[in-house]
Amino acid sequence: MADNVLWCHDLYRFYRSGDEETLALRGVSLSVARGEVVAVVGPSGSGKSTLLACLAGLDEPDGGAVTVAGDRVSHRPEAERARLRSRRLGVVLQSGNLITQLTVRANIQLVQAGAKASRPSPDELLEQVGLRNRASALPRELSGGELARAGLAVAVSNNPDVLLADEPTGELDGQTEQIVLDLIRMRARDGRGVLLVTHSPAVTAIADRVIALSDGRITA
Ligand SMILES: Nc1ncnc2c1ncn2[C@@H]1O[C@H](COP(=O)(O)OP(=O)(O)OP(=O)(O)O)[C@@H](O)[C@H]1O
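Residues numbered from 1 in each chain as written. Predicted model: local features only at pLDDT ≥ 70, side-chain atom pairs only at ≥ 80, totals over all residues. Heavy atoms only, no water.

Per an unreviewed UniProt entry, the protein is named Putative ABC transport system ATP-binding protein, and its organism is Kribbella jejuensis.

A.B. asks: Before we go on, may I ask you to explain the nonpolar core in this structure?
C.D. replies: Soluble globular proteins: nonpolar side chains tend toward being buried together. In terms of nonpolar packing, the biggest core is built from 32 residues, with Val37, Leu126, Leu163, Ile184 and Leu196 touching the most fellow members. Of all the secondary structure elements, the ones that give two or more residues to this core are strand E3 (37–41), helix H3 (104–112), helix H4 (122–128), helix H5 (144–156), strand E7 (162–166), helix H6 (174–189), strand E8 (193–197) and helix H7 (201–206). In terms of residue count, the dominant contributor to this core is H5 (6 residues). Residues in contact with Val37, not counting those within four places in the same chain, are Ile184, Arg185, Ala188, Val194, Leu196, Ile206, Ala207, Asp208 and Arg209. Core analysis: the next-biggest nonpolar cluster, separate from the first, contains 27 residues, Val5, Val28, Val32 and Val66 among them. (Core = buried A, V, L, I, M, F, W, Y, C linked by side-chain atoms within 4.5 Å. Buried < 20%, exposed > 50% of the residue type's maximum accessible area, 1.4 Å probe, protein only. Helix = DSSP H or I, 4+ residues; strand = E, 2+ residues; numbered from the N terminus. Contact = heavy atoms within 4.5 Å.)

A.B. asks: Can you help me understand the site of the ligand in this one?
C.D. replies: Around the ligand, the neighbouring residues are Tyr15, Thr22, Ala24, Pro43, Ser44, Gly45, Ser46, Gly47, Lys48, Ser49, Thr50 and His199. At 2.8 Å from an oxygen atom of the ligand is found a main-chain nitrogen or oxygen belonging to Gly45. Here an oxygen atom of the ligand sits 3.1 Å away from a polar atom, N or O, in the main chain of Ser46. When the free accessible area of the ligand is taken as 640 Å², the share hidden by the protein chains comes to 60%. Secondary-structure elements contributing two or more residues to the shell around the ligand are strand E2 (20–33) and helix H1 (48–55). (Near = heavy atom within 4 Å. Polar contact = N/O pair within 3.5 Å; in protein donor to acceptor, adjacent residues only side chain to side chain. Areas by Shrake-Rupley, 256 points an atom, 1.4 Å probe, with all protein chains shown as cover.)

Right, dumping it as structure tokens:
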């Protein structure tokens, strides 16, 4: 598709621990167009989290290239990758993406600091995910479902070109899952790209395209 906002070509990633070598990604190429939600599925150990980390510039691939909104993310110093991440990408990780010492509102303000264009206010964002009354809470004071929604609000607070999320609906109940899925679809409606790593049929159901990963390769 012509208007790709996320693109990777021939990604390779090796892990070495002691004598053991794992080839976690073996030549993965994919793209996400503006307005598109793509889900990546695959068995445990197939390379999904490794792929997401390389796309987010949190990890460096050993081969291949990643481009977001025309900017190369891979093979750059960490400080440059971090700058690109803050301008172009929203990332939701299973390990959480909130700074633990800051309130939910302060986490959003931190991401928005320095943004030139106008952004939705922290309270507006928290309203969208049903957390307006939890703005002053610290991450440790939130339930698992609240934490997941706060993480998503933080990830989209800078209106990124691409949203990347690892199991965005984790263990959420049906109603909370729907709030998260609606917000994700809204990103695509607004012309952004979304790539989700998931095991959940409810998540793949809202995707425009599903990519299957097996043993570090795209199989479907
Ligand atoms: N830091 C690491 N050091 C060594 N091996 C690793 C490391 N991280 C991942 N691996 C290995 O790379 C392969 C891909 O792992 P990855 O976490 O990307 O899979 P996944 O599809 O996300 O799995 P899951 O669904 O269980 O989260 C696995 O064989 C894993 O054991």
